[in-house]
Amino acid sequence: MKVDVLVLGAGMVGISSAIHLQDRGRSVALVDRRGPAQETSYGNAGLIQSEAVMPYVFPRDPSVVLQALFGLRTDARVRWSALPKIAPFVFAYARAGSVTSARRTALANVPLLARVRAEHEALMDRAEARHHMIDGGYIRVYREARDLEAASKVDEAVRDEFGVEFELWDTKRLAEEEPNLTRPLAGAVHHASPGRVDDPGEVGAAYARLFESGGGTLRNGDARTLNATDGGWRVTTEAGVVEAREVVVALGAWSADVLAPLGVRPPLGVKRGYHLHYRPSGNARLNHLMFDSDNGYVLAPMKRGLRLTSGVEFAHRDDASNFAQINAAETQARTIFPLEERVEETPWRGARPCLPDMLPAIGPVPGKPGLFVNFGHHHLGFTMGPTTGRLLAETMTGETPFTDPAPYRIDRF
Ligand SMILES: Cc1cc2nc3c(=O)[nH]c(=O)nc-3n(C[C@H](O)[C@H](O)[C@H](O)COP(=O)(O)OP(=O)(O)OC[C@H]3O[C@@H](n4cnc5c(N)ncnc54)[C@H](O)[C@@H]3O)c2cc1C
């Protein structure tokens, strides 16, 4: 079959890109080796982080790095055996961690994050998925008063520069808002504006159904079969060959698998993460999605129970799972919230696709006519998918883009 555009990868980013291209009159085939939103876009914490202007930068405190290297932290761990393979990304990430670079990233985040909620809500309305959205924002909790104070100083600076509002909750207010916490904590930072969903995978699947109901084609196939043809591109799917004038690589953590054979080598790394679900004990209820700042995990009330998502594991994308970090997060979570047994035995694992400056790569690949990218959404791919999908589609179809796409060019490295 022939279409105008092939989109490779049916995660939140690829699905959203496909819908925005379709909205602009393009016939689109979306190709994935699995079903829609079954990889990283399935297992995340479901937070639409409109407030997340400041990037997660490489830690500047050497003791934090050492603790991560020796498995002494719950928020970040390093797989020693993976170091030879992941070192180029880790060094590039460390180099990009300067104050200047982080500020550049923050400035580039602003126009994207300003729209993330509205873009999701627009797609949710069209996809009859609005019931998945939950208001109330999220909280970052702190055990120690000095840590809460230090964090609030950072939040104040971000509010002053970027207008990101927040509320500071002391011990008493936090206990009122979350009466089922099992011990008093120093307090929390509450961000009220972010949205969250009760099932990110189902939201992705609903967007994919919207794409299909609009005439889009969803195909199973291996994106690594991509070939350049005379004036276009071709990929082989289970239902035959699909040809197109243009192709979008939106394969998240797998994007380099397709780009490298074409001579395009982005400095893509991964930060892996795990999740598990729990029922709360008795009638206990968690009213907000809760980020435990001391241990880097999230406890998110979802359809299947409380979803515990772990912090960051620096490992090779395809290394075998190591559950030590999610087990440690579970131990910590149990010290502040009453959890029953695990819902599932084996933790889910995902890979956040990361470029060193913690910005995605969006737009054309210079020197490769008809080749476009949309990947590298790090901690914010669920948040940003519908927005960067719009930006890519506007860029590809000659519309005036809603923001200058220059900061996200793939050749910025
Ligand atoms: C524990 C955890 C918690 C997170 N929490 C949040 C959060 O709260 N909010 C947020 O915004 N983000 C969060 N993220 C990040 C977010 O999940 C990712 O940034 C996002 O899912 C990336 O989307 P994507 O579409 O780029 O990639 P993916 O969803 O991974 O999609 C890539 C697709 O490519 C397909 N693919 C790969 N190789 C091939 C091939 N050879 N052929 C065909 N198809 C292929 C895969 O099957 C997959 O469907 C979290 C991530 C983790 C791990």
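Residues numbered from 1 in each chain as written. Predicted model: local features only at pLDDT ≥ 70, side-chain atom pairs only at ≥ 80, totals over all residues.

Contacts to the ligand come from 41 residues, most closely from Gly 11, Asn 44, Gly 252, Gly 273 and Gly 381. Secondary-structure elements contributing two or more residues to the shell around the ligand are α1 (12-23), α2 (40-43), β14 (269-280), β20 (348-354) and α12 (381-397). Taken together, the residues that form the shell around the ligand break down as 14 nonpolar, 19 polar and eight charged. Residue assignment places the shell around the ligand across two domains, with domain 1 (2-41 + 201-267 + 357-412) and domain 2 (54-97 + 131-195 + 268-354) each supplying three or more. (Near = placed C-beta within 6 Å. Helix = DSSP H or I, 4+ residues; strand = E, 2+ residues; numbered from the N terminus. Nonpolar A, V, L, I, M, F, W, Y, C, P; charged D, E, K, R; others polar. Domains from an automatic or database assignment.)

A separate point is unusual backbone geometry. For Ala 37, which is not glycine, the phi dihedral falls at a positive 50 degrees. Inspection of the secondary structure puts Ala 37 in the loop between β2 (28-32) and α2. Owing to 26 C-beta atoms within 10 Å, Ala 37 belongs among the buried residues under this scheme. We note that His 378 has phi near 40 degrees; this positive angle belongs to a residue other than glycine. Tracing the sequence through the fold places His 378 in the loop between β22 (371-375) and α12. (Buried ≥ 20, exposed ≤ 12 C-beta atoms within 10 Å, placed from the backbone.)

By the assigned domains, the protein chain splits into domain 1 (2-41 + 201-267 + 357-412) and domain 2 (54-97 + 131-195 + 268-354). Spacing between the C-alpha centres of domain 1 and domain 2 amounts to 29 Å. Elements with a contribution of two residues or more to the side of domain 1 that touches domain 2: α9 (200-213) and α10 (255-259). Across the side of domain 1 that touches domain 2, the residue classes tally to seven nonpolar, seven polar and three charged.

Quick look at the environment of Gly 46 now. The topology assignment puts Gly 46 in the loop between α2 and β3 (47-48). The exposure class of Gly 46 is buried, given the 27 C-beta atoms found within 10 Å. Spatially, the C-alpha atom of Gly 46 lies 19 Å from that of Ser 17, the residues being 29 residues apart in sequence.

What follows is about the pairing of β20. Judged by how many residues are buried, β20 sits mostly within the fold: six of seven residues are covered. Across seven bridges, β14 lies against β20 in antiparallel orientation. Bridging across to β20, Arg 272 finds its partner in Ala 351. (Pairing = 2+ DSSP bridges.)

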